[in-house]
Amino acid sequence: KSVHVITGTETMGRFGNGQGAEFAESYMLEYYRPRLNKWVRYRDIENSEMMTGNTNTYMAVKQDLDPVILASKIRFHPYSPHQRTICMRVEVYGCGYDGKIISYSMPQGDKRGSTYEFYDWNYDGEWKGDSLLNGLGSLTDSNLGPADYKLGYYAKNRGWVGWKNEKRNFVEIIFEFETIQEFHSIELFCNNQFTRDISVFKELKAFFSIGGDIYNSDGVSYTPMTDEIFEEPRNVTAKLHRRVGRFVKIQLYFASKWLLISEVTFDSSTARGNYSLEVKEGELKEVNNQKDIVVKVSKDPSEAVEDPVRNP
C-alpha cells in the first residue's frame, strides 16, 4: 500500500514461436493512491492519455513519464487498432515516495487573457467549481517553471500555477501529510517577472493542525525581501520554527496583480510523542466521573444498600 514515484514504464510483446504478432501498439495507464480513493487515468504533459507501445514482438520500448506518477497501484490497458491477440510484458521504474505530502487543496488557477491558463493541469484530485481537493499535481511534481512564463505554454507544457488578485487578497493552500510532522521550513519556487505584473508574495502566513478542522492561532509569518531588479524565478524559504501538525495551511498575500508558483517543498521530520486533536474554545469534552460505591452493612444481609458517592 506504500506510495511510490513511478518515473517510467517499459513494455514488450510475445514472440510465441513465430505463431503470431502478439504485441500492443499503444496502451493507457491508470493509477491508484489511497488518499484519492479512486483510479485515475494518466495524462502526460501534452495532455495525451495514449502511451506509445511496441511495433514488433521482440524489442522492449521504454517511456519516461512526464509528469511522474505518485501511486500505490498501477494498471496497464493495452490497445491496438487491429483485431489480434495482444500480449504485453511490462516493467515499472521508480522509487519509494518520501515527500510525506499526501494531498493539497486550493483554488484552481486563473486565466490570463485568452492565451495563458495558469491551471494546475496535473492535479489528480477532485475539481469542484473553482476548488481543487484531496489530490496532488504541479506543486509536487518536481518540475520547475521556466524563467519566462510564456515559454511554458507552447503545446500546453504548462509550468506555473497562478492567481490574480481581483478575486482575493491572498491564496490559501492546505497541505495534508501522512503522519504528524515537526516542520523546519517551507520552500516555494516563485515567478518574479515584475514588469509583467508578477511578483513574489508579499507575506506568507502558516498555520498548523493535527486533525485538519481547527488550526492553532500560534502560526508563523514571513515577509520576503522585495526584488525589483532581477526578474529570474527563485526559491523562497521561510522557517517554520519546529511547529507540529499533520495539516499545514499557508496563505500567500499578493504583492502585485499576479502570483505564480511552480513547486512547494517542506523540510520536516516525524514528530515524536503523542498528540491530541484540537478542540474548539469553550467546547468541553464530556468526562465520566469515577463513582465509588459505599455499602451500608446491616445485621440483616437483605437490608444492605448501595449508596453511590461521586468523587469531588
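Everything here concerns the structure above.
What you see is a predicted model, and the numbers here were worked out from it, not measured in a lab.

*Asks:* Where do I start with the pairing of strand β13 (residues 161-164) in this structure?
*Replies:* Within a regular strand, the side chains alternate between the two sheet faces. Here β13 shows two buried faces, one formed by Val 161 and Trp 163 and the other by Gly 162 and Lys 164. Across four bridges, β13 lies against strand β18 (residues 258-270) in antiparallel orientation. By the bridge assignment, Val 161 is partnered in β18 with Ile 261.

*Asks:* Would you take a moment to explain the packing of aromatic side chains for this structure?
*Replies:* In this description, an aromatic ring pair is defined by two values, namely the gap between the centres and the angle between the planes. All told, the structure shown has 15 aromatic pairs when counted by the stated rule. Their ring planes at 85° and their centres at 5.3 Å tell us that Tyr 116 and Tyr 149 sit as a pair that is edge-to-face. Of the two residues, Tyr 116 is situated in strand β10 (residues 116-117) and Tyr 149 in the loop between β12 (131-135) and β13; the sequence distance between them amounts to 33 residues. Ring geometry for Phe 177 versus Phe 266: centroids 5.2 Å apart, planes at 85°, classification edge-to-face.

*Asks:* Looking at this structure, I do not really get the pattern of salt bridges. What am I missing?
*Replies:* When charged atoms on two side chains of opposite charge get close, those side chains can pair. All told, the structure shown has 18 salt bridges when counted by the stated rule. Its salt-bridge partner being Glu 22, residue Arg 14 comes within 2.9 Å of it at the nearest N-O pair. For Glu 22, a relative accessible area of 17% gives the class buried. Put simply, Arg 41 and Glu 30 hold a salt bridge, and the shortest N to O gap is 3.3 Å. With a gap of eleven residues between them, Arg 41 in strand β3 (residues 39-41) and Glu 30 in strand β2 (residues 26-32) connect regions that are remote in the sequence. Of the residues examined, Arg 41 reaches a relative accessible area of 31% and is grouped as partly exposed. Residue classification places Glu 30 among the buried residues on the basis of a relative accessible area of 12%.

*Asks:* Explanation requested: unusual backbone geometry in the structure shown.
*Replies:* The general pattern is negative phi for most residues beyond glycine and trans for most peptide bonds. In this chain, Asp 66 is followed by Pro 67 through a cis amide linkage whose omega measures 5°. Considering the arrangement of structural elements, one finds Pro 67 in strand β5 (residues 61-71). Phi is positive for Asn 37, which is not a glycine, with a value near 60°. Its place among the elements puts Asn 37 in the loop between β2 and β3.

*Asks:* Help me understand the pairing of strand β8 (residues 101-107), please; the structure alone is not making it clear to me.
*Replies:* Burial analysis of β8 places seven of its seven residues in the buried class, the great majority of the element. Where β8 and strand β14 (residues 170-190) come together, four bridges link them in antiparallel fashion. Note that in β14 the partner of Ser 103 across the bridge is Glu 176. By the bridge criterion, three bridges tie β8 to β12 in an arrangement that is antiparallel. Within the sheet, the bridge partner assigned to Pro 107 lies in β12 and is Ser 131.

Here is what the cut-offs are and how they apply
- For every chain, the first residue of the written sequence is number 1, and numbering continues from 1 along that sequence.
- Local features in this predicted model are restricted to residues whose pLDDT is 70 or higher, and side-chain atom pairs enter the listing and the counts only when it is 80 or higher, whereas totals over whole chains, interfaces and linings include all residues.
- With hydrogens and water stripped out, all remaining heavy atoms of the structure feed into the side-chain values.
- Burial classes: relative accessible area under 20% of the type maximum marks a residue as buried, over 50% as exposed, and values in between as partly exposed (1.4 Å probe, protein chains only).
- Put simply, DSSP marks the helices as runs of H or I at least four residues long and the strands as runs of E at least two long, and each gets a number from the N terminus on.
- In short, DSSP must find at least two bridges between two strands for them to pair.
- Aromatic pairing here means that ring centres of Phe, Tyr or Trp (its six-membered ring) are within 6.5 Å. Orientation follows from the plane angle: under 30 degrees is stacked, over 60 is edge-to-face, and everything else is tilted.
- Any carboxyl oxygen of Asp or Glu that lies within 4 Å of a side-chain nitrogen of Lys or Arg is treated as forming a salt bridge with it.

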